[in-house]
Amino acid sequence: MSLRRSPLFVSGLMALGLALSGCAAPGPTAAGAEAFNDPLEDTNRAIFDVNQAIDRNVLLPVAKTYRTVIIPPMRQAFHDFMQNLNAPVVFANDVLQGQFGLAANTLGRILINTSMGMGGMFDFATQFGVPYHANDLGITLATWGIDEGPYLVLPVLGPSNPRDLVGQIGDGFADPGDQVAAAYHRLWASMARALVSGIDERSRNIENLADIERTSLDYYATIRSLYRQRRAAQIRHEEDNLPNPAPVQGNLGPSPAISYSVATAPPLHQVSAK
Amino acid sequence: MTRRLQLIGTLILLAGLLRAAPAGAQDAQAFVAALGNQAIQVLGPSVSPAQRVARFRQLFRDDFDVPGIGQFVLGRYWRTASPEEQQEFLRLFQEYIVQAYAGRLGEYGGEPFRVIGSRPSGDETVVSSVIERPNAGRVQVDWYLITRGGAPKITDVYVGGVSMKVTQRDEFSSVIQRNGGRVDALLAQLRQRLAAAR
């Protein structure tokens, strides 16, 4: 489920998801390890390589198949549904951080999307001018003054640090959806949800990550830099606190979102990894 | 399609021009808006890869502070590099960025961005813009500008709070560090990469 929360990359400039490669070379100097806040670099790089292999052989092929087989409106509905399912956790963290404007946005999104959006399958709130923002316990801990600790690459889950790892675990326990599933002994539901959101996330970053890997001299170092900068930016909440955009004019409904997916899908496919 | 892009570009330009802001800041905003307009037109998905590289090279040379960025991304190793290495690095770095980003920008779907304001930051001006993506949320793109020889030049671009300049510096520093602090190791890798791209 931690796969749900990944920074994104845009205009082909930035993205993060799972961890990946790097060139095998001697370890860094002590001073350098400090500069990158990565004292466990050798171990991290080894795990990164394993994650890369898993990504290449399992996750990426599955994500590509997912994108080929499932039609865009359905993928969008899955995405919106899982985003809505995660919204209570976002709301709780908005409140814990004293971001009451953001909390109001999230609460509004839950109410609109769960009712009008039929249990969260359609993101009407965005069309009403209340866009999604991410939030998690790692960010909450940071606003409470807790240091990130050393950079970590987790098996399968990828870039992290002790603070964000604790946050991920905490968010997992707090998640109402998972609690309901546990109460009814439906562990498979939680697992299916984590799996689908992981595949969804990966399928949305196929070109971005392939592009960064292709153009990087040291992919590991690039991902590390992107992760740390992106988390710092999320903690600042600048982007999230921009004024809300104007509501979409004209017919409200799933159609604009769907036509968007269809319109952007072909070029993305054409440029696909190598 | 092109018509629509032109219209969007014009709107962006107008939006930038209409903002109430101090003269310098207004110039900076107009510059960014015009650059966005230009970029959407010359780098769109319909442009052939070779053409895109050529056009982006031109744009990068004209509108970016290449020497300043180059010096920054080499970090503390700029001082340890010999003058010849510095010169060669600037040449290789420029071409490396052109090759890397021309491809990435080709995937940019051309969603319009709007300039939302500007603020001073030291001797630089920061122009903020936002890209609203219907299904993927919004992204703030901040442009750092400095005036060199009477013309604004871009010194850095932040996408979603991530500095392109810092990312590049972190990567290059890592390469140099893992090769015993030798700048020529980075130069060799850049040369190799560019040769492969041809």
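Chains are numbered independently. Their residues run from 1 in the order of the written sequence. To read the labels, note that chains go from A and ligands from 1, taken in the order they are written. Reporting in this predicted model follows two pLDDT cut-offs: at least 70 for local features of residues, and 80 or more for side-chain atom pairs to be given and counted; totals over whole chains, interfaces and linings ignore these cut-offs and use all residues.

(A) Inspection of unusual backbone geometry at higher detail. All names here are of chain A. Residues other than glycine seldom take positive phi values, yet methionine 118 does so here, at roughly 50°. Elements are defined by DSSP. Helices are runs of H or I of four residues or more, strands are runs of E of two residues or more, and each kind is numbered from the N terminus. Inspection of the secondary structure puts methionine 118 in the loop between α4 (100-115) and α5 (124-127). Three exposure classes are used, based on other C-beta atoms lying within 10 Å of a residue's own C-beta, which is placed from the backbone: buried for 20 or more, exposed for 12 or fewer, and partly exposed in between. Exposure remark for methionine 118: the 14 C-beta atoms within 10 Å place this residue in the partly exposed category.

(B) Region of the structure containing the pairing of strand β2 (residues 124-133) of chain B. All names here are of chain B. The sheet contact formed by strand β1 (residues 113-121) and β2 spans eight bridges and is antiparallel. When the bridges of β2 are listed, glycine 117 appears paired with serine 128. Connecting β1 to the antiparallel partner β2 that follows it, the hairpin turn spans two residues, and glycine 122 within it adopts a positive phi of roughly 65°. In this structure, β2 lies alongside strand β3 (residues 137-148), joined through nine bridges in antiparallel fashion. Counterpart to arginine 133 in the pairing with β3 is glycine 137. Pairing between two strands requires that DSSP report at least two bridges joining them.

(C) Geometry of the packing of helix α3 (residues 72-96) of chain A against α4(A). All names here are of chain A. The contact between α3 and α4 brings their axes to 8 Å, and the two run at 160°. For the element pair α3 / α4, the angle class is roughly antiparallel. Once α3 is placed against α4, the crossing between them reads as left-handed. Packed against α3, whose contacting residues are Asn84, Ala87, Val90, Phe91, Asp94 and Val95, the element α4 presents Leu102, Ala103, Thr106, Leu107, Arg109, Ile110, Asn113 and Thr114 at the interface. Axis lines are fitted through C-alpha atoms, for helices just across the contact stretch, and the angle between N-to-C directions can take any value from 0 to 180 degrees. Roughly parallel here means an angle under 35 degrees, roughly antiparallel means over 145, roughly perpendicular means 65 to 115, and every remaining angle is called oblique. With the far helix as reference, a near helix turned anticlockwise by less than a right angle produces a left-handed crossing, and one turned clockwise produces a right-handed crossing. Any residue pair is listed as a contact if its two C-beta atoms, each placed from the backbone, are within 7 Å.

(D) Quick look at the confidence of the model for chain A. Residues and elements named next belong to chain A. Across the chain, each position has a pLDDT score giving the predictor's confidence in that residue, from 0 to 100. Within chain A, residue pLDDT values average 81, and 78% of them lie at 70 or more. Across residues 1-33, confidence stays below pLDDT 50; counting only partners more than four residues off in sequence or on other chains, it has 109 contacts. Every residue in residues 253-274 is under pLDDT 50, and counting partners more than four places away or in other chains gives 33 contacts.

(E) Geometry of the sheet that holds β2(B). As summarised here, the arrangement of the five strands in space is β1-β2-β3-β4-β5 (chain B), forming an open sheet in which the pairing is antiparallel. Of all the strands in the sheet, just β1 and β5 (162-163) of chain B have a single pairing partner and so form its edges.

(F) Local environment of the environment of Gln177(B). Residue position: Gln177(B) is located in helix α7 (residues 164-177). Between the C-alpha atoms of Gln177(B) and Ala33(B), which are 144 residues apart in sequence, the distance is 39 Å.

(G) Representation of the nonpolar core. We define the nonpolar core as any set of buried residues of the types Ala, Val, Leu, Ile, Met, Phe, Trp, Tyr and Cys, connected via C-beta atoms lying within 7 Å of each other. In terms of nonpolar packing, the biggest core is built from 56 residues, with Val32(B), Phe56(B), Tyr101(B), Val141(B), Trp143(B) and Leu145(B) touching the most fellow members. Setting aside anything within four residues of it in sequence, one finds Val141(B) in contact with Phe113(B), Ser129(B), Ile131(B), Val157(B), Tyr158(B) and Val159(B). In this structure, Met82(A), Ile112(A), Phe122(A) and Phe124(A) belong to the second largest nonpolar core, which totals nine residues.

(H) Just α4(A), in detail. All names here are of chain A. By this rule, a helix spans an expected 1.5 Å times one less than how many residues it contains. Helix length check: α4, at 16 residues, gives a terminal C-alpha distance of 22 Å against a target of 22 Å (1.5 Å per residue), a fit within 8%. Taken as a whole, α4 has its buried residues at Leu102, Asn105, Thr106, Arg109, Ile112 and Asn113. The arc that holds the buried residues of α4, viewed along the axis, is 135°, so those residues lie on one side. For α4, the exposed residues lying more than 90 degrees away from the buried face are Phe100 and Ser115. What the arc measures is the spread of directions leading from the helix axis to the C-beta atoms.

(I) Seen up close, the pairing of strand β4 (residues 151-159) of chain B. All names here are of chain B. Relative to β4, β3 runs antiparallel, the two sharing eight bridges. By the bridge assignment for β4, leucine 145 is matched with isoleucine 154. Between β3 and β4, which pair antiparallel one after the other, the connecting turn spans two residues, and glycine 149 there sits at a positive phi close to 60°. Of the strand pairs in this sheet, β4 and β5 are connected by two bridges, and their pairing is antiparallel. When the bridges of β5 are listed, tyrosine 158 appears paired with serine 163. Two successive antiparallel strands, β4 and β5, enclose a turn made up of two residues, where glycine 160 displays a positive phi of approximately 60°.

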